[in-house]
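Survey of secondary and tertiary structure
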Amino acid sequence: MQPEHIRTLRLNRNESQTEFWQRFGVNQRTASRIERGQPLPPSVAILLRLYLDGVVGEADLERAQRRYRIALHHQPAIAEVRASAP
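Residues numbered from 1 in each chain as written. Predicted model: local features only at pLDDT ≥ 70, side-chain atom pairs only at ≥ 80, totals over all residues. Heavy atoms only, no water.

1. As for the overall build of the protein
Of regular secondary structure, the protein possesses 6 helices and 0 strands. Overall, the protein shows an N-to-C arrangement of helices and strands of α-α-α-α-α-α. Of all 86 residues assigned to the protein, the portion counted as buried reaches 23%. Once local pairs closer than 6 in sequence are excluded, the contacts in the protein between residues at least 24 apart make up 43%. As presented, the protein carries roughly 6,400 Å² of accessible surface, and 53% of it is formed by carbon and sulfur atoms. (Helix = DSSP H or I, 4+ residues; strand = E, 2+ residues; numbered from the N terminus. Buried < 20%, exposed > 50% of the residue type's maximum accessible area, 1.4 Å probe, protein only. Contact = heavy atoms within 4.5 Å. Areas by Shrake-Rupley, 256 points an atom, 1.4 Å probe, with all protein chains shown as cover.)

Here it is, written out as structure tokens:
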């Protein structure tokens, strides 16, 4: 997918870079680089394609982000894991 196409799509949706890209886990700085031609990370490219094809929707992305935040919050500290290792 070409950077100009992605930018045009975002602008047609009347969304800022932050609004558009945060749903894919991309910060504004990286979004700017992508829209200027930096290659998309493969995982983001796949997710974006699934989103644009209608396979993955807003609710799916929001649910995935919530699960990710919960997993990060409940992740045991590395020191705790090492201390409990045999």
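2. A few points about helix α3 (residues 28-35)
What α3 keeps buried is the set Ala-31, Ser-32, Ile-34 and Glu-35. Summarising the axial view, the buried residues of α3 lie within an arc of 160°, below the 170-degree limit, and thus occupy one face. For α3, the secondary structure elements touched by its buried residues are α1 (3-12) and α2 (17-22). Where α3 begins, the capping side chain belongs to Asn-27, and its oxygen is found 3.2 Å from the backbone nitrogen of Arg-29. Positive phi appears at Gly-37, one or two residues downstream of α3, with a value of about 120°. (Arc of directions from axis to C-beta. Polar contact = N/O pair within 3.5 Å; in protein donor to acceptor, adjacent residues only side chain to side chain.)

3. Regarding unusual backbone geometry
Even without glycine at this site, Asn-14 takes up a positive phi of about 55°. One can find Asn-14 in the loop between α1 and α2.

4. Concerning the side chain of Arg-10
Note that Arg-10 resides in helix α1. Among the residues examined, Arg-10 registers a relative accessible area of 6% and is labelled buried. Side chain to side chain, Arg-10 and Glu-35 meet in a polar contact 2.7 Å long. Setting aside residues no more than four positions away along its own chain, Arg-10 makes contact with Glu-15, Ser-16, Gln-17, Phe-20, Trp-21 and Glu-35.

5. Comments concerning the pattern of salt bridges
Side-chain pairing between opposite charges can occur once the charged atoms of the two side chains come close. This structure, assessed with the given rule, holds 7 salt bridges. We note a salt bridge from Glu-58 to Arg-13, for which the minimum N-O separation is 3.7 Å. Of this pair, Glu-58 sits in helix α5 (residues 58-74) while Arg-13 sits in the loop between α1 and α2, placing them 45 residues apart in sequence. Among the residues examined, Glu-58 registers a relative accessible area of 29% and is labelled partly exposed. On the basis of relative accessibility, which here comes to 33%, the residue Arg-13 falls in the partly exposed class. (Salt bridge = Lys/Arg side-chain N within 4 Å of Asp/Glu carboxyl O.)

Taken by themselves, the reported measurements are silent on function.
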